[in-house]
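Breakdown of the fold
Here is what each chain is made of, one letter per residue.
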Amino acid sequence: MRHAWYTVGLLTLLFILSFIDRSILALMAEPVGQSLGLADRQLALLLGLGFALVYSFGGLPLAQLVDTRDRRMVVALGVGVWSVATVLSAFAGGFWSLLILRCGVALGEAVLTPAAVSLIADLFLKEKRSLPMSVYLSVGSFMSIGSYMAGAMAYDFAASMSAATGLATWQLTFILVGLPGVVLAVVFLLTAANPPRGE
């Protein structure tokens, strides 16, 4: 049971990171837009429709992978893809490269919740699933605001370090919020529970 709750804890932590990584561009829209010479309509596409379309339609075939492949591996790959795409966003040269990287964030994040629901269903008996599912899903209710608070703290920390690194504050912020996911992808792959599939 401890391993099951440990896995729920990891999934919840990854869900928190996903909110931060998807919303960090909105927090830094002004410096990113100025640095890359982005028009308002390009920023709108990066922040809204472009991300949402890939997230929504990409989730369908990715959910099939969750049903047919090793779920730990699928989660780790998804987290790795979105985290690396977030880090690489620091080095985007313009609209198209940033759009491709945002699509990578959307695709990687589309894996997480289908896999989390599937894993929790197999980690807990039917009559005991409501609490772990509530723990996981409750993140969404406060991270819609909390992600901006976490992003602002990362931005402030990046501002104090940017002179020493030679990177702009927005670039360092992308790196700071993306790196934890790279580490946690490996941790999840190596340590999360991998229960047999239920009926």
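What comes next is a walk through the structure. Model, not experiment: these values are computed from the prediction.

Overview of helix α8 (residues 130–165)
For α8, which comprises 36 residues, the first-to-last C-alpha distance of 46 Å sits more than 12% below the rise-based estimate of 52 Å (1.5 Å per residue). A maximum bend of about 60° is found in α8 at M143. Looking at α8, one finds that the buried residues are P132, M133, Y136, V139, M143, G146, S147, G151, A154, A158 and S162. Of the surrounding secondary structure, the elements contacted by the buried residues of α8 are α1 (2–27), α7 (112–123) and α9 (169–191).

Some details on the nonpolar core
Counting residues in hydrophobic clusters, the biggest one holds 58 residues, and the most contacted among them are L11, V32, L38, L98, L112, F174 and F188. The leading source of residues in this core is α1, at 11 residues. Not counting residues within four places of it along the chain, the set of residues in contact with F174 comprises I24, L25, M28, V32, T86, V87, S89 and A90.

Side note on the pattern of salt bridges
Under the defined criterion, the tally for this structure stands at 2 salt bridges. The partner of E109 in a salt bridge is R22, and the shortest N-O contact between them spans 2.8 Å. Taken together, the residues span a long stretch of sequence, with E109 in helix α6 (residues 95–110) and R22 in helix α1 at a distance of 87 residues. Note on R22: relative accessible area 22%, which makes it partly exposed. The partner of R71 in a salt bridge is D122, with the nearest N and O atoms 2.7 Å apart. Of this pair, R71 sits in helix α5 (residues 71–88) while D122 is found in helix α7, placing the two residues 51 residues apart along the sequence. Owing to a relative accessible area of 2%, R71 belongs among the buried residues under this scheme. On the basis of relative accessible area, D122 is assigned to the partly exposed category, the value being 24%.

Definitions and limits used
- Residues numbered from 1 in each chain as written.
- Predicted model: local features only at pLDDT ≥ 70, side-chain atom pairs only at ≥ 80, totals over all residues.
- Heavy atoms only, no water.
- Helix = DSSP H or I, 4+ residues; strand = E, 2+ residues; numbered from the N terminus.
- Expected span 1.5 Å × (residues − 1).
- Bend = angle between axes of the 7 residues up to and from the residue.
- Buried < 20%, exposed > 50% of the residue type's maximum accessible area, 1.4 Å probe, protein only.
- Contact = heavy atoms within 4.5 Å.
- Core = buried A, V, L, I, M, F, W, Y, C linked by side-chain atoms within 4.5 Å.
- Salt bridge = Lys/Arg side-chain N within 4 Å of Asp/Glu carboxyl O.

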